[in-house]
Amino acid sequence: MKQAHSVTVDQCFGSYWSGSAPNCWSYDFIIDTRTPAEFQLDHLPGAVNWPVLDNHQRATIGTMYQREGAFKAKREGAILVARNIASLIEQHARALDKHARLLIYCWRGGNRSGSLSTVLARIGFRCDVLEGGYKAFRRWVIEDTAKRAKQLPIQIIAGRTGSGKTDLLRQLEAQAEQVIDLEALAKHRGSLLGEEPHLRQPGQRLFESQLWFRLGQCRPEKPVWLESESRKIGMIQIPESLIEGMRTSAHYQIEVNLSIRTKYLLKHYQHWIDQPEGLAGQLKKLKPFMNLETFDVLMTCLSEGRLTDLVSMLLERYYDPLYDRSMSKNYRACKQVIALDSLEPSAIRDLASSLRRGSPGSTSDQHLINI
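These remarks concern the structure in this document. (Residues numbered from 1 in each chain as written. Predicted model: local features only at pLDDT ≥ 70, side-chain atom pairs only at ≥ 80, totals over all residues. Heavy atoms only, no water.)

The secondary structure content of the protein amounts to 16 helices and 13 strands. In the protein, buried positions account for 49% of the 371 residues. The long-range share in the protein, meaning contacts at least 24 apart out of those at least 6 apart in sequence, stands at 75%. (Helix = DSSP H or I, 4+ residues; strand = E, 2+ residues; numbered from the N terminus. Buried < 20%, exposed > 50% of the residue type's maximum accessible area, 1.4 Å probe, protein only. Contact = heavy atoms within 4.5 Å.)

This structure, assessed with the given rule, holds zero disulfides. Looking at the unpaired cysteine 106, the closest cysteine sulfur is the one in cysteine 127, lying at 14 Å. Among the residues examined, cysteine 106 registers a relative accessible area of 3% and is labelled buried. (Disulfide = S-S within 2.5 Å.)

Structurally, aspartate 144 can be placed in helix 6 (residues 133-151). The exposure class of aspartate 144 is buried, given its relative accessible area of 2%. Among all residues touching aspartate 144, those that are not within four sequence positions of it are Phe13 and Trp212.

The next subject is the nonpolar core. One finds Ile157, Leu168, Trp225, Leu283 and Leu355 to be the most contacted residues of the largest nonpolar core, which totals 39 residues. Of all the elements in the fold, those that place two or more residues in this core are helix 7 (165-174), strand 11 (251-255), helix 11 (258-268), helix 13 (276-284), helix 14 (292-303), helix 15 (307-330) and helix 16 (345-357). With residues up to four places along the chain from it excluded, the contact list for leucine 283 reads Phe295, Met299, Leu302, Leu310 and Leu314. Ala186, Leu226, Ile238 and Tyr331 belong to the second-largest nonpolar core, a separate cluster that totals 24 residues. (Core = buried A, V, L, I, M, F, W, Y, C linked by side-chain atoms within 4.5 Å.)

A few words now on the sheet that holds strand 1 (residues 5-7). Read across the sheet, five strands follow the order 1-5-4-2-3 without closing on themselves; strand pairing throughout is parallel. At either margin of the open sheet sits one strand with a lone partner, and together these are strand 1 and strand 3 (47-49). Each neighbouring strand pair of the sheet contributes to a mean axis angle of 35°, computed without reference to strand direction. Note: strand 4 (residues 101-105) against strand 5 (residues 126-130), four bridges, orientation parallel. Looking at strand 5, one finds that leucine 103 is bridged to aspartate 128. Docked against the sheet, helix 5 (residues 111-123) engages strand 2 (29-32), strand 4 and strand 5, running at close to 160° with respect to strand 4. (Pairing = 2+ DSSP bridges. Axes fitted to C-alpha atoms, helices over the stretch in contact; angles between N-to-C directions.)

So this is what it looks like as structure tokens:
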């Protein structure tokens, strides 16, 4: 008769991996037995939610435990768990291949994961139970992220707002380079106007789990490309260990003239152009950070529909000085300056190819590349 086996986070996630979760760890399914609310906040990459107790049931049993003692809470909880497991088997387990390998976890103690894994193992499925559950995984994410951030050879793409940095990262990835797009993970473009339409930022823990997974896909023998970021992307905080690695790495500084960047931003921020009232509300948040005359001119440009003048002034008077101060303060490692006279896809593609052929680890103080 088969039994579930206990495995540690190190046994599961201690190496590098490729591909998507959970197959990259040789599991067919990772099953999270916590409530839907717990699952939504964060979960193991690739996990599916089989809640042994739902949100209301867990809260009810927790209250009963506090007010009426452990015995009654466990008794009533067992009734609910048994019913729910029967339903889960009926809904999900019938479709599982009998040779499927399963990793099962709950919050910490193993009661919920242990209950489900016992039944599944007795049926005949190969089940591993994550020792320490989600809480152990969460500690591992923090510690392992710090370790991997130190091991990986980070290369930074820098440049003022509208310099095509994200497009360059995407092109590098298309050319088989290792890329971590922090703004894509955070679902935010990283500035006051960086909120993505129809997208909600993930919670901090979920972002960190997704970042950890991407770090684990990167090999230390190849460079890992990231964009120069501040500590926060919208409401998301980049882990300190990664920020330190980014700020001490050599970087490529893309320089593009103001008119090209203005045209680029008008094309890529169409969602703000289409809702001028929303844009006006965002611009008002800048009022404390610029002189009144500049702010009034910006609002006049918006009201008159002079969007090219608006974007150009916003870059020249606010974003560029802010970015330059941040880079001067935080990214002091050696840089290579790359002058671009176009942000057309062909130019970005040629630049990515040039970077791949070059020496990303170079520490020359200044170098000008004309593409």
